[in-house]
There are 2 protein chains.
Amino acid sequence: MLMEPEEVCSKVLEAITPTPEEEEEVLSIARSIMDKLRSLLAEEGVEAVVRLEGSLAKGTWLRGEADVDIFVRLKPDVGRDFLKREFMRIARRATEGYKQVERYAEHPYLECWAGGVRINLVPCYDVEKGNWLSATDRTPYHTDYVREHLPEELKGDVRLLKRFLKGIGAYGAEIKVGGFSGYLCELLIIYYGGFLEALRGSMAWRRGTLIDLEGYYRGREDEALEFFRHHLIVVDPVDPGRNVAAPVRLEKMCSFMAAAREFLSRPSEDFFFPRRPAPPGQEELKSMVRGRGTSILALRLHVGGLVPDVLWGQLHRTMRGLSGSLREQGFRVLRAGAWSDEVAEAIILFELEASELPPVVKKVGPPVWAGEHVERFLSKNMADPRLVCGPYIEGDRWVVLVRRRWPDAVGFLKAKLSEHGGRGIGVAPLLAQRVEEGFELLSGEEVVRLCRGAEGFREFLAEFLRGRPTWLAGRGGQAP
Amino acid sequence: MLMEPEEVCSKVLEAITPTPEEEEEVLSIARSIMDKLRSLLAEEGVEAVVRLEGSLAKGTWLRGEADVDIFVRLKPDVGRDFLKREFMRIARRATEGYKQVERYAEHPYLECWAGGVRINLVPCYDVEKGNWLSATDRTPYHTDYVREHLPEELKGDVRLLKRFLKGIGAYGAEIKVGGFSGYLCELLIIYYGGFLEALRGSMAWRRGTLIDLEGYYRGREDEALEFFRHHLIVVDPVDPGRNVAAPVRLEKMCSFMAAAREFLSRPSEDFFFPRRPAPPGQEELKSMVRGRGTSILALRLHVGGLVPDVLWGQLHRTMRGLSGSLREQGFRVLRAGAWSDEVAEAIILFELEASELPPVVKKVGPPVWAGEHVERFLSKNMADPRLVCGPYIEGDRWVVLVRRRWPDAVGFLKAKLSEHGGRGIGVAPLLAQRVEEGFELLSGEEVVRLCRGAEGFREFLAEFLRGRPTWLAGRGGQAP
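These figures come from a predicted structure and were not determined experimentally.

A. Quick peek at the interface of chain A and chain B. If you look at the interface, chain A gives 67 residues, while chain B gives 66 residues. With both chains or domains summed, chain A and chain B bury close to 5,200 Å², and 58% of this area falls on carbon and sulfur atoms. If you sort the residues of chain A by the area they bury against chain B, Trp369(A), Met382(A) and Arg475(A) come out on top, with a joint share of 13%. A salt bridge links Glu353(B) to Arg404(A); its shortest N-O distance comes to 2.9 Å. The tally of links between chain A and chain B comes to 22 residue pairs in polar contact (both at pLDDT 80 or more). Among the secondary structure elements, those contributing two or more residues to the side of chain A that touches chain B are α11 (250–265), β10 (333–340), β12 (360–367), α14 (371–382), β13 (387–394), β14 (397–403) and α17 (457–466) of chain A. Split into classes, the residues belonging to the side of chain A that touches chain B amount to 33 nonpolar, 13 polar and 21 charged.

B. Summary view of the relation of the copies chain A and chain B. When chain A is brought onto chain B, the operation consists of a screw motion whose angular component is 180 degrees and whose axial shift is 0.0 Å, with 0.1 Å RMSD remaining. Both chain copies can therefore be described as sitting about a two-fold axis. The C-alpha atom lying nearest the rotation axis in chain A is that of Leu357(A); the distance is 4.9 Å. Looking at the interface residues of chain A, 99% of them are also at the interface in chain B, so both copies use one shared face.

C. Local environment of the pairing of strand β4 (residues 108–114) of chain A. All names here are of chain A. Among the seven residues that make up β4, six are buried, leaving the element largely enclosed by the rest of the structure. Note: strand β3 (residues 99–104) against β4, six bridges, orientation antiparallel. Opposite Glu102, over in β4, you have Leu110 as the bridge partner. Hairpin remark: β3 followed by β4, antiparallel, with three residues in the connecting loop. Of the pairings in the sheet, the one linking β4 to strand β5 (residues 117–125) comprises five bridges and is antiparallel in character. Following the sheet pairing, Trp113 is matched in β5 by Arg118.

D. Just the sheet that holds strand β8 (residues 239–243) of chain A, in detail. Residue and element names in this part refer to chain A. In space, the three strands of this open sheet follow the order β6-β7-β8, with mixed pairing throughout. The sheet is open, and its two borders are formed by β6 (209–211) and β8, each paired with just one other strand. Taken pair by pair, the neighbouring strands of this sheet meet at an average axis angle of 25 degrees, ignoring direction. Taken together, the two bridges between strand β7 (residues 232–236) and β8 define a ladder with antiparallel strand orientation. The partner of Asp236 across the bridge, within β8, is Asp239.

E. Spotlight on the pattern of salt bridges. Per the counting criterion, the structure on display carries 86 salt bridges over all chains. Ionic pairing is found between Asp396(A) and Arg207(B), a salt bridge with its closest N-O pair at 2.8 Å. One end of the pair, Asp396(A), is in the loop between β13 and β14; the other, Arg207(B), is in the loop between α9 (195–202) and β6 (209–211), on a second chain. Assessed through its relative accessible area of 8%, Asp396(A) is described here as buried. The salt bridge involving Arg220(B) is made with Glu223(B); its shortest N-O contact spans 3.0 Å. Taking relative accessible area as the criterion, Glu223(B) reaches 48% and is therefore assigned partly exposed. Linked by salt bridges that have partners in common, Glu43(A), Glu44(A), Glu86(A), Arg89(A) and Arg93(A) make up one network.

F. Here's a closer look at the environment of Gly219(A). Relative to the helices and strands, Gly219(A) resides in the loop between β6 and α10 (221–228). Residues Gly219(A) and Asp408(A) lie 189 residues apart in sequence; the distance between their C-alpha atoms is 55 Å.

G. Structural context of the nonpolar core. Within the largest apolar cluster, 99 residues are counted, with the highest numbers of intra-cluster contacts made by Trp398(A), Phe164(B), Phe180(B), Phe195(B) and Phe263(B). No other element matches helix α11 (residues 250–265) of chain B, which puts nine residues into this core. Residues Val8(A), Ala94(A), Cys112(A) and Leu472(A) belong to the second largest nonpolar core, which totals 98 residues.

H. Quick look at helix α7 (residues 155–167) of chain A. Residue and element names in this part refer to chain A. Helix length check: α7 (13 residues) gives 18 Å between terminal C-alpha atoms against 18 Å at 1.5 Å per residue, within 8%. Across the 13 residues of α7, twelve count as buried, placing the element largely inside the fold. Within α7, the full set of buried residues consists of Lys155, Gly156, Asp157, Val158, Arg159, Leu160, Leu161, Lys162, Arg163, Phe164, Leu165 and Gly167. Along its buried surface, α7 packs onto α1 (5–16), α3 (54–58), α8 (182–192), α9 (195–202) and α11.

I. Examining the environment of Met319(B) more closely. Residue and element names in this part refer to chain B. Mapped onto the elements of the fold, Met319 is located in helix α13 (residues 308–328). The spatial distance from the C-alpha of Met319 to the C-alpha of Val427 is 7.8 Å, given a sequence separation of 108 residues. Aside from chain neighbours lying at most four places away, what touches Met319 is Ala336, Gly337, Ala338, Ile348 and Phe350.

J. The arrangement of the confidence of the model for chain A in detail. Taken over all residues, the pLDDT of chain A has a mean of 94, while the share at 70 or more is 99%. Prediction confidence for the complex, expressed as pTM and ipTM, is 0.87 and 0.93 respectively.

K. Layout of the sheet that holds β5(A). Residues and elements named next belong to chain A. Taken in spatial order, the five strands of this open sheet run β1-β2-β5-β4-β3, and their pairing is mixed. Two strands lie at the open edges of the sheet, namely β1 (48–53) and β3, each paired on one side alone. The mean inter-strand angle of the sheet, taken between neighbouring strand axes irrespective of direction, is 25 degrees.

L. Structural view of the packing of α9(B) against α11(B). Residues and elements named next belong to chain B. Orientation of α9 relative to α11, taken along the N-to-C sense of each, is 115 degrees, at an axis distance of 8 Å. In this structure, α9 crosses over α11, and the sense of that crossing is left-handed. Only Phe256, Met257, Ala260, Phe263 and Leu264 of α11 make contact with α9, whose side of the interface consists of Phe195, Leu196, Leu199, Arg200 and Ser202. Of the residues that constitute the contact of α9 with α11, the class distribution is eight nonpolar, one polar and one charged.

M. Here's a closer look at the state of the cysteines. Scanning all chains against the criterion turns up zero disulfides over all chains. No disulfide involves Cys124(B); its sulfur sits 17 Å from the nearest other cysteine sulfur, which is in Cys112(B).

N. Spatial organisation of the packing of aromatic side chains. Under the criterion given, the structure shown has 42 aromatic pairs over all chains. Both rings, one in Tyr217(A) and one in Phe228(A), keep their centres 5.8 Å apart while their planes meet at 75 degrees; by these two values the pair is edge-to-face. Residue Tyr217(A) is found in the loop between β6 and α10, and its partner Phe228(A) is found in helix α10; the two are separated by eleven residues along the sequence. Grouping residues by exposure puts Tyr217(A) and Phe228(A) together as buried. Pairing Phe263(A) with Phe271(A) gives two aromatic rings, centres 5.3 Å apart and planes at 80 degrees, and the pair type is edge-to-face. Judged by its relative accessible area of 3%, Phe271(A) is buried. Note that Arg335(A) overlies the ring of Phe464(A), its terminal NZ or CZ placed 4.2 Å from the centroid. Lying over the aromatic face of Tyr141(B), Arg73(B) brings its terminal NZ or CZ to 5.3 Å of the ring centre.

O. Up close: the side chain of Ser134(A). Residue position: Ser134(A) is located in the loop between β5 and α6 (139–149). If we ignore the near neighbours within four places in the chain, the residues touching Ser134(A) are Arg80(A), Glu106(A), His107(A), Cys124(A) and Tyr125(A).

P. Representation of the pairing of β14(A). All names here are of chain A. By the criterion of burial, β14 is predominantly enclosed, with five of the seven residues buried. Across six bridges, β12 lies against β14 in antiparallel orientation. Bridge pairing in β14 links Lys363 to Val400. Two elements, β13 and β14, share five bridges in a ladder whose sense is antiparallel. Across the sheet, Tyr392 pairs through a bridge with Val399, a residue of β14.

Q. A look at unusual backbone geometry. Residue and element names in this part refer to chain A. The residue after Gly390, namely Pro391, is reached through a cis peptide bond having omega 0 degrees. Checked against the element boundaries, Pro391 lands in strand β13. At Arg229, a residue that is not glycine, the phi angle is positive and equals roughly 45 degrees. Here Arg229 lies in the loop between α10 and β7. Residue class for Arg229 comes out exposed when judged on its relative accessible area of 62%.

About the cut-offs
- Throughout, a residue's number is its position along its own chain's written sequence, starting from 1.
- As a convention, the first chain written is A and the first ligand written is 1, with the rest following in written order.
- Only residues with pLDDT of 70 or above have their local features reported here, since the model is predicted, and side-chain atom pairs are shown and tallied only from 80 upward, although totals for entire chains, interfaces and linings are computed over all residues.
- Working from all heavy atoms in the structure, the side-chain values ignore hydrogens and water.
- Throughout, a contact is declared for two residues whenever any of their heavy atoms are within 4.5 Å.
- Accessible area that two parts lose when put together, evaluated with a 1.4 Å probe and summed over both, is termed the buried area.
- The salt bridge criterion pairs a side-chain nitrogen of Lys or Arg with a carboxyl oxygen of Asp or Glu, the two atoms within 4 Å.
- Pairs of N or O atoms are called polar contacts if they sit within 3.5 Å, as long as, within protein, a hydrogen donor faces a hydrogen acceptor (for residues adjacent in sequence, only side-chain-to-side-chain pairs).
- For helices the rule is a DSSP run of H or I covering at least 4 residues; for strands it is a run of E covering at least 2, with both sets numbered from the N terminus onward.
- We call Asp, Glu, Lys and Arg charged. Ala, Val, Leu, Ile, Met, Phe, Trp, Tyr, Cys and Pro are nonpolar, and the rest, Gly among them, are polar.
- The copies were overlaid by least squares, fitting only the C-alpha atoms of residues that reach a pLDDT of 70 or more in each copy.
- Throughout this description, buried means an accessible area under 20% of the type-specific maximum (1.4 Å probe, protein chains only), exposed means over 50%, and partly exposed covers the range between.
- In short, DSSP must find at least two bridges between two strands for them to pair.
- Convention adopted: a line fitted to C-alpha atoms gives each axis, helices being fitted over their contacting stretch, and angles between N-to-C directions are expressed from 0 to 180 degrees.
- We define a nonpolar core as any set of buried Ala, Val, Leu, Ile, Met, Phe, Trp, Tyr and Cys residues linked to one another through side-chain atoms lying within 4.5 Å.
- In this analysis, the expected span of each helix is defined as 1.5 Å times one less than the number of residues it contains.
- Confidence scores here are pLDDT values: one per residue, from the predictor, ranging 0 to 100.
- Two helices that cross are described as forming a left-handed crossing if the nearer one is turned anticlockwise from the farther one by less than a right angle, and a right-handed crossing if clockwise.
- Throughout, a disulfide means two cysteine sulfur atoms within 2.5 Å of one another.
- Working definition: a ring pair exists when centres of Phe, Tyr or Trp rings (six-membered ring for Trp) sit within 6.5 Å. Plane angles under 30 degrees give stacked, over 60 give edge-to-face, the rest tilted.
- Each ring is checked for a lysine NZ or an arginine CZ that lies within 6 Å of its centre and within 35 degrees of its normal; such an atom marks a charge sitting over the ring.

What follows is the structure, given as structure tokens:
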């Protein structure tokens, strides 16, 4: 029954390698737009190099998921203003007839759609290595590096790694995912010499792993660790000051490591193409929440007008901030998670041991020798109607038992979110503005109500409750 | 209304200085026993020096609380066996007619009672300083030191300090108290030059205070701190290797510091002679426990046959051990306390935020790279019917949410105390033997039931619930 990893890989590879027809179709779209761009630029007297970049240029894209990345390398003396205005005008003209969306990263670029194929028209500066003027200037160098160092026979391995990471939810450098970029996948395959080799290699990873293909830090690895200060460091071969793995969050690094280990001992196509169970219905979800023994809280807010990376950054900060504030109040926060449709609304979930705490809490005051602090602590607490016991001395400190101000998490959050949008308890600034306009706070079974009307939240909630990577399914065991 | 500290002191001094009549009476008892001892020793041909020691010899005892400490200094070649047998026989003969109790410290001694006066007959070796053969050999040197260094006019200050420490419950080096010995009081008065001076001096104390009257460690104070490793170090003037303050627990040191500060700003006789409120009745106690919002647990056990220092050592160890085990299970232990009649039974009290915990707990497993540990963690937990959620990765570790095995503190303690007398959860060995013979575990209002039949427990319980030193009464404020 059990297949060898190599067998699984070759089956998967069949499914993810683009057909020659697809390749021809996508490349011809690319060529026609590039030709148009070139003639428009010439017409306007703009000196520029138009190049195909990204996975299409490197031959590492996945079947049916081609992105056409067309870069326009401009001379360094062209102003930022040109990028914002003239470039966009020319790009729009070059893609007339396609659906167009203006996007922003560090600077604007144009996204177009030809059927299911996305085409990105991105401006950058034609500079020497190291003299970067904009964030996208490195891209052509990345393309060149991979073309030079990735042998033809390893392109499939890059595809396997990308598909594997997609399957386990760790593909993509965007903040929502915090995972591995396509370029990072290519570098890992070049470094380890293959997909299975990379999986095996990851088993030696620890917090503070350094991969330095060009040996920029040879003999001074400690310096590199100190300089980059990250759990996973893959030095950019075209820029020794840049960590290609910087966007990889610790959990995603570890998910990859854990999934790699699991795949090597229980190989299965499910890692690449996870089978998601059909999401449970309202009543089933309610009974899951009810029977669980924990407390689920949901904060729902409107988030229109934020670009995804900003939105997810703010959501993660808010999640951490609110978890911290709940912990400060004594609540035991088991987990938190955030969902958003990226257009209109977001929901942050918290799972607590209990949303109500025992009424009395211990308050540890100053050490007995801290004169004025002692004076203040004693007079304040001895006058407090919430005092239950003390003041007494424990170790070297004054201590009291007092009734909690906030024994109920819902009450606490409602009250504090209504003050300045919750800035005081860790809501990130842009979301605090939205909270000030209104929010909903639900608990227990009520949370299930949010599945109606919020596309995709049902799946998110079901996965949150299960809280188990699908790729552990091969082990059987208790359903969580 | 407010008196000056000096005024309070002189009023207290009147009350605690022995009258000439008392002094004469006690000294004549001492003299007659010493004479008898000397002639019996001579009769038996035992070469020995009979001396009066302790507070009576130093003139620092409190009115109505005289102890007659008679030491017999034997030649170093006298065997330990002699101390155990011959000495006790002679001591008994010397005190015929008095009520006699054989006591044990490092070696046996005889305690007798003449009315309300206790007389201790203690053997020791007549050795040079430093060549100590038994724990009591230092005593005559202590007496000599104090006699030489304590001026007549400061004897009252020693009495004030002793009475002050008694009033705040910090007098006595025995393990039950963990406070200041009489000798330590004398040294502090010699060092600071007076009672109020000692109180003021204590305001500069911190963890790691060094008082070195003879300057043994002058210029190498850090070494002394390192050598003694204690929060309060008072180097014995007759033995540089001994810390006279070693028995002083941090809390008692800090109680003294805090009470000193309080007395200096709100002087009152109450510090010396605390007014204890009449203990509440059964119903009042019950309603105090009920309305409190915390959970009180009581473990009652039989403790006959243990000498006080051993008993209290075991009780404190057990209290710490059980508190730690409860905390490990997730219970928040607010406070603990121990009571005993020192004859038959003991009660250990615990106050918890709640004796029942939410049903689900987070279990943090190994980091993802810990191969075998991961394998064990995943297979164990995925097969566990108590699994609620996961396994999932948090940070770099595998985590699960599982139903608690012991959500109820009473259930936990009952089960674990029934296994080997609770040795596995921190019951000290000698008490574990007693627990094996039987114990009672009570919670909430039930605890009040223990007041019937356990002399003195009612007062202890009431003070435990109030948890406030009586000497804070001068501040008024909320009743706890």
